[in-house]
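Topology and contacts: notes
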Amino acid sequence: MKTLSLLASLVLSLPVSAFSAPARLPDLLSPADAEALQAIRAAAQRWTSIYLQADCWGGSSCRVTENNLRINLHGYRSGWGSLNFNGSAGNESVNFHADPSDGRDPRNGYWITGSQTNVRLSPSGNSYWLTGNIGRRSVSITFNRFGSGWSMYGQSGLNLNLSGFNQTINASGNVDLDQFGPAELAAFGAVLSVLASLPAAN
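Residues numbered from 1 in each chain as written. Predicted model: local features only at pLDDT ≥ 70, side-chain atom pairs only at ≥ 80, totals over all residues. Heavy atoms only, no water.

1. Considerations on the overall build of the protein
This is how the line gets drawn: Comment: elements are numbered from the N terminus, with helices defined as DSSP H or I runs of at least four residues and strands as E runs of at least two. Between buried and exposed lies partly exposed: a residue is buried under 20% and exposed over 50% of the maximum accessible area for its type, with that area taken using a 1.4 Å probe on protein chains only. Contacts were defined at the residue level, with two residues in contact if any of their heavy atoms lie within 4.5 Å. Residue exposure ignores everything except the shown protein chains as possible cover, and the areas themselves are Shrake-Rupley values with a 1.4 Å probe.
The number of helices and strands found in the protein is 3 helices and 12 strands. A total of 202 residues make up the protein; the buried ones form 44% of that total. Excluding contacts between residues fewer than 6 apart, the proportion of contacts in the protein whose partners are at least 24 apart in sequence is 39%. Here the protein has roughly 10,400 Å² of accessible surface; of this, 50% comes from carbon and sulfur atoms.

2. As for helix H3 (residues 182-197)
Every α-helix winds through 3.6 residues per turn, so residues three or four apart in the chain are directed the same way. The cut-off we apply is this: What a helix should span is 1.5 Å times the count of its residues minus one.
Between its first and last C-alpha atoms H3 spans 22 Å; for 16 residues at 1.5 Å apiece the expected length is 22 Å, and the two agree. Extensive coverage of H3 is indicated by the burial of 15 of its 16 residues.

3. Concerning the packing of aromatic side chains
As a reminder, the rule being used: Centre distance within 6.5 Å is the pairing criterion for rings of Phe, Tyr and Trp, where only the six-membered ring of Trp is used; planes under 30 degrees apart are then read as stacked, over 60 as edge-to-face, and the remainder as tilted.
Across all of its chains, the model carries 2 aromatic pairs by this definition. Ring centres of Tyr128 and Trp150 lie 6.0 Å apart, and the angle between their planes is 55°; on these two criteria the pair is classed as tilted. Note that Tyr128 is positioned in strand E8 (residues 127-134) and Trp150 in strand E10 (residues 149-153), a separation of 22 residues in sequence. Overall, the relative accessible area of 6% leaves Tyr128 in the buried class. By relative accessible area, Trp150 is classed as buried at 5%.

4. Overview of the side chain of Gln155
Here Gln155 shows up in the loop between E10 and strand E11 (158-163). Apart from residues lying up to four places away in sequence, Gln155 is in contact with Ser138, Val139, Ser140, Ile141 and Phe180.

5. Structural notes on the sheet that holds strand E4 (residues 82-89)
Keep this limit in mind: One bridge is not enough; two strands pair if DSSP finds at least two bridges between them. To get an axis, fit a line to the C-alpha atoms, keeping to the stretch in contact for a helix; angles then go from 0 to 180 degrees between the N-to-C directions.
Taken together, 12 strands build an open sheet; the order of strands is E10-E9-E8-E7-E6-E5-E4-E3-E2-E1-E12-E11 and the sheet is antiparallel. Only two strands of the sheet have a single neighbouring strand rather than two, namely E10 and E11. Direction aside, the axes of adjacent strands within the sheet are offset by 20° on average. The pairing of strand E9 (residues 137-146) with E10 spans 5 bridges and is classified as antiparallel.

6. Examining the environment of Ser60
Along the chain, Ser60 turns up in the loop between strand E1 (47-57) and strand E2 (61-66). A relative accessible area of 37% places Ser60 in the partly exposed class. Along the backbone, Ser60 and Ser82 are 22 residues apart, and their C-alpha atoms lie at a distance of 9.4 Å. Ignoring any residue separated from it by four or fewer positions in sequence, one finds Ser60 in contact with Gly75, Tyr76, Arg77 and Leu83.

7. With respect to the pairing of strand E7 (residues 117-124)
Sheet topology places strand E6 (residues 110-114) next to E7; 5 bridges connect them, and they run antiparallel. Bridge pairing links Gly114 to Thr117 in E7. Pairing of E7 with E8 involves 8 bridges; the strand directions are antiparallel. Paired with Leu121 across the bridge in E8 is Leu130.

8. Some thoughts on the confidence of the model for the protein
Using the following cut-off: pLDDT is a residue-level measure of predictor confidence that goes from 0 to 100.
On average, the protein scores 83 in pLDDT, and the residues at 70 or more come to 80%. Long-range and interchain partners of residues 15-25, a stretch whose pLDDT sits below 50, account for 12 contacts in this model, where long-range means more than four residues apart.

9. Here's the deal with the side chain of Asp102
Quick note on the threshold: The definition of a polar contact used here is a pair of N or O atoms within 3.5 Å, where within protein one atom must be able to donate a hydrogen and the other to accept one, and adjacent residues in sequence count solely through side-chain atom pairs.
On the secondary structure map, Asp102 appears in the loop between strand E5 (92-100) and E6. Exposure remark for Asp102: the relative accessible area of 17% places this residue in the buried category. A polar contact of 2.9 Å, which involves the side chain of Asp102, links it to the side chain of Asn108.

Dropping the structure here:
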(Lines give C-alpha, C1' and ligand atoms only; values in the text may rest on other atoms or scores of the structure.)
Protein backbone atom coordinates (compact mmCIF):
# COMPACT_ATOMS: atom_id res chain seq x y z
CA MET A 1 0.00 0.00 0.00
CA LYS A 2 2.87 2.37 0.75
CA THR A 3 4.32 1.66 -2.70
CA LEU A 4 0.92 2.38 -4.23
CA SER A 5 0.68 5.70 -2.41
CA LEU A 6 4.12 6.76 -3.62
CA LEU A 7 3.34 5.86 -7.21
CA ALA A 8 -0.16 7.34 -7.33
CA SER A 9 1.08 10.90 -7.70
CA LEU A 10 3.37 9.85 -10.53
CA VAL A 11 0.82 7.99 -12.62
CA LEU A 12 -1.64 10.89 -12.63
CA SER A 13 0.56 12.55 -15.24
CA LEU A 14 0.80 9.42 -17.39
CA PRO A 15 -1.67 8.33 -20.09
CA VAL A 16 -4.08 5.56 -19.15
CA SER A 17 -2.68 3.47 -22.01
CA ALA A 18 0.57 3.14 -20.09
CA PHE A 19 -1.30 0.86 -17.68
CA SER A 20 -3.64 -0.83 -20.11
CA ALA A 21 -1.90 -4.21 -20.15
CA PRO A 22 -0.20 -6.10 -17.29
CA ALA A 23 2.83 -6.81 -19.49
CA ARG A 24 3.57 -3.09 -19.64
CA LEU A 25 3.38 -2.46 -15.89
CA PRO A 26 6.50 -2.14 -13.77
CA ASP A 27 7.42 -5.48 -12.20
CA LEU A 28 6.98 -4.11 -8.69
CA LEU A 29 3.21 -3.62 -9.19
CA SER A 30 0.83 -6.43 -8.42
CA PRO A 31 -2.32 -6.82 -10.55
CA ALA A 32 -4.35 -5.40 -7.64
CA ASP A 33 -2.08 -2.33 -7.46
CA ALA A 34 -2.34 -1.90 -11.22
CA GLU A 35 -6.15 -1.88 -11.02
CA ALA A 36 -6.05 0.62 -8.16
CA LEU A 37 -3.77 2.93 -10.15
CA GLN A 38 -6.10 2.71 -13.14
CA ALA A 39 -9.00 3.77 -10.91
CA ILE A 40 -7.01 6.70 -9.52
CA ARG A 41 -6.02 7.84 -13.00
CA ALA A 42 -9.59 7.54 -14.32
CA ALA A 43 -10.99 9.57 -11.41
CA ALA A 44 -8.47 12.39 -11.75
CA GLN A 45 -9.51 15.62 -13.39
CA ARG A 46 -8.08 16.06 -16.88
CA TRP A 47 -6.94 19.67 -17.07
CA THR A 48 -5.55 21.07 -20.30
CA SER A 49 -4.55 24.48 -21.61
CA ILE A 50 -6.65 26.11 -24.32
CA TYR A 51 -6.71 29.24 -26.47
CA LEU A 52 -10.25 29.76 -27.69
CA GLN A 53 -10.84 32.61 -30.12
CA ALA A 54 -14.29 34.04 -30.88
CA ASP A 55 -14.68 36.69 -33.58
CA CYS A 56 -17.85 38.33 -34.85
CA TRP A 57 -17.05 40.79 -37.64
CA GLY A 58 -19.61 43.48 -38.16
CA GLY A 59 -21.91 41.63 -35.79
CA SER A 60 -22.99 39.38 -38.68
CA SER A 61 -20.26 36.82 -39.48
CA CYS A 62 -18.71 34.88 -36.59
CA ARG A 63 -16.04 32.25 -36.10
CA VAL A 64 -14.91 30.18 -33.09
CA THR A 65 -11.60 28.28 -33.18
CA GLU A 66 -9.40 26.25 -30.82
CA ASN A 67 -6.67 24.32 -32.61
CA ASN A 68 -5.65 21.73 -30.00
CA LEU A 69 -9.20 20.48 -29.44
CA ARG A 70 -10.12 20.89 -33.12
CA ILE A 71 -12.96 23.32 -32.56
CA ASN A 72 -14.06 25.10 -35.73
CA LEU A 73 -17.39 26.87 -35.64
CA HIS A 74 -18.92 29.33 -38.11
CA GLY A 75 -21.81 31.64 -37.36
CA TYR A 76 -23.98 33.97 -39.39
CA ARG A 77 -26.78 36.43 -38.72
CA SER A 78 -30.18 35.15 -39.82
CA GLY A 79 -32.36 38.17 -39.15
CA TRP A 80 -34.10 39.65 -36.11
CA GLY A 81 -30.76 39.58 -34.30
CA SER A 82 -30.51 35.76 -34.36
CA LEU A 83 -27.22 33.93 -34.92
CA ASN A 84 -26.80 30.39 -36.26
CA PHE A 85 -23.61 28.40 -35.59
CA ASN A 86 -22.47 25.11 -37.06
CA GLY A 87 -19.20 23.25 -37.36
CA SER A 88 -17.15 20.64 -35.53
CA ALA A 89 -15.65 20.04 -32.11
CA GLY A 90 -13.21 17.15 -31.84
CA ASN A 91 -14.95 14.28 -33.63
CA GLU A 92 -18.45 15.72 -33.28
CA SER A 93 -20.63 17.92 -35.46
CA VAL A 94 -22.24 20.71 -33.45
CA ASN A 95 -24.77 23.44 -34.05
CA PHE A 96 -26.18 26.24 -31.91
CA HIS A 97 -28.86 28.88 -32.32
CA ALA A 98 -28.89 32.22 -30.51
CA ASP A 99 -32.14 34.18 -30.33
CA PRO A 100 -32.41 37.61 -28.73
CA SER A 101 -34.71 37.74 -25.72
CA ASP A 102 -35.97 41.09 -26.99
CA GLY A 103 -36.00 41.58 -30.76
CA ARG A 104 -35.81 45.34 -30.35
CA ASP A 105 -32.33 45.39 -28.78
CA PRO A 106 -29.87 42.43 -28.68
CA ARG A 107 -28.24 43.95 -25.59
CA ASN A 108 -31.31 42.78 -23.65
CA GLY A 109 -30.07 39.18 -23.68
CA TYR A 110 -30.12 35.92 -25.66
CA TRP A 111 -31.32 32.34 -25.48
CA ILE A 112 -28.67 29.95 -26.85
CA THR A 113 -29.71 26.37 -27.65
CA GLY A 114 -28.52 23.31 -29.58
CA SER A 115 -26.13 20.33 -29.18
CA GLN A 116 -27.15 19.59 -25.57
CA THR A 117 -27.02 23.29 -24.73
CA ASN A 118 -29.77 25.44 -23.26
CA VAL A 119 -28.57 28.66 -21.67
CA ARG A 120 -29.76 32.20 -21.17
CA LEU A 121 -27.54 35.28 -21.36
CA SER A 122 -29.15 38.01 -19.27
CA PRO A 123 -27.96 41.62 -18.84
CA SER A 124 -27.40 43.33 -15.52
CA GLY A 125 -25.88 46.80 -15.84
CA ASN A 126 -22.54 46.38 -17.62
CA SER A 127 -22.54 42.63 -16.91
CA TYR A 128 -24.16 39.55 -18.42
CA TRP A 129 -25.15 36.47 -16.48
CA LEU A 130 -25.06 33.06 -18.21
CA THR A 131 -27.27 30.36 -16.66
CA GLY A 132 -28.59 27.00 -17.80
CA ASN A 133 -26.99 23.78 -19.04
CA ILE A 134 -24.07 23.07 -21.34
CA GLY A 135 -23.81 19.34 -21.93
CA ARG A 136 -24.46 17.62 -18.59
CA ARG A 137 -23.26 20.61 -16.57
CA SER A 138 -25.23 23.41 -14.97
CA VAL A 139 -23.43 26.69 -15.56
CA SER A 140 -23.50 30.04 -13.82
CA ILE A 141 -21.01 32.54 -15.24
CA THR A 142 -20.83 36.31 -14.92
CA PHE A 143 -19.28 38.31 -17.76
CA ASN A 144 -18.26 41.87 -16.91
CA ARG A 145 -17.91 44.45 -19.65
CA PHE A 146 -15.45 47.32 -19.31
CA GLY A 147 -15.06 49.55 -22.34
CA SER A 148 -14.36 47.18 -25.23
CA GLY A 149 -13.05 44.35 -23.01
CA TRP A 150 -14.53 41.51 -20.93
CA SER A 151 -13.77 39.47 -17.82
CA MET A 152 -15.51 36.37 -16.41
CA TYR A 153 -15.85 34.46 -13.17
CA GLY A 154 -17.99 31.90 -11.43
CA GLN A 155 -17.65 28.49 -13.15
CA SER A 156 -15.88 25.43 -11.78
CA GLY A 157 -13.83 23.68 -14.46
CA LEU A 158 -13.16 26.85 -16.47
CA ASN A 159 -10.11 28.74 -15.25
CA LEU A 160 -10.00 31.23 -18.10
CA ASN A 161 -8.96 34.81 -18.73
CA LEU A 162 -10.68 36.86 -21.42
CA SER A 163 -8.84 39.28 -23.68
CA GLY A 164 -9.39 41.00 -26.99
CA PHE A 165 -11.34 44.08 -27.95
CA ASN A 166 -14.24 45.29 -30.09
CA GLN A 167 -15.55 42.21 -31.93
CA THR A 168 -12.98 39.65 -30.78
CA ILE A 169 -12.91 37.78 -27.46
CA ASN A 170 -10.09 35.35 -26.65
CA ALA A 171 -10.32 32.86 -23.76
CA SER A 172 -7.04 31.44 -22.51
CA GLY A 173 -6.19 29.29 -19.50
CA ASN A 174 -7.04 25.83 -18.22
CA VAL A 175 -10.18 23.70 -18.48
CA ASP A 176 -11.24 20.39 -16.96
CA LEU A 177 -12.06 18.20 -19.96
CA ASP A 178 -14.18 15.89 -17.80
CA GLN A 179 -16.56 18.81 -17.27
CA PHE A 180 -16.08 20.72 -20.52
CA GLY A 181 -15.05 18.67 -23.52
CA PRO A 182 -14.68 20.00 -27.08
CA ALA A 183 -18.45 20.15 -27.75
CA GLU A 184 -19.12 22.01 -24.50
CA LEU A 185 -16.27 24.44 -25.20
CA ALA A 186 -17.69 25.03 -28.68
CA ALA A 187 -20.96 26.04 -26.99
CA PHE A 188 -19.02 28.33 -24.68
CA GLY A 189 -17.30 29.82 -27.76
CA ALA A 190 -20.72 30.48 -29.32
CA VAL A 191 -21.63 32.40 -26.16
CA LEU A 192 -18.43 34.46 -26.50
CA SER A 193 -19.29 35.19 -30.14
CA VAL A 194 -22.72 36.45 -29.08
CA LEU A 195 -21.04 38.75 -26.57
CA ALA A 196 -18.58 39.91 -29.24
CA SER A 197 -21.48 40.70 -31.57
CA LEU A 198 -23.23 43.02 -29.10
CA PRO A 199 -23.31 46.73 -29.84
CA ALA A 200 -21.13 48.90 -27.65
CA ALA A 201 -22.67 49.91 -24.35
CA ASN A 202 -24.41 53.25 -24.33
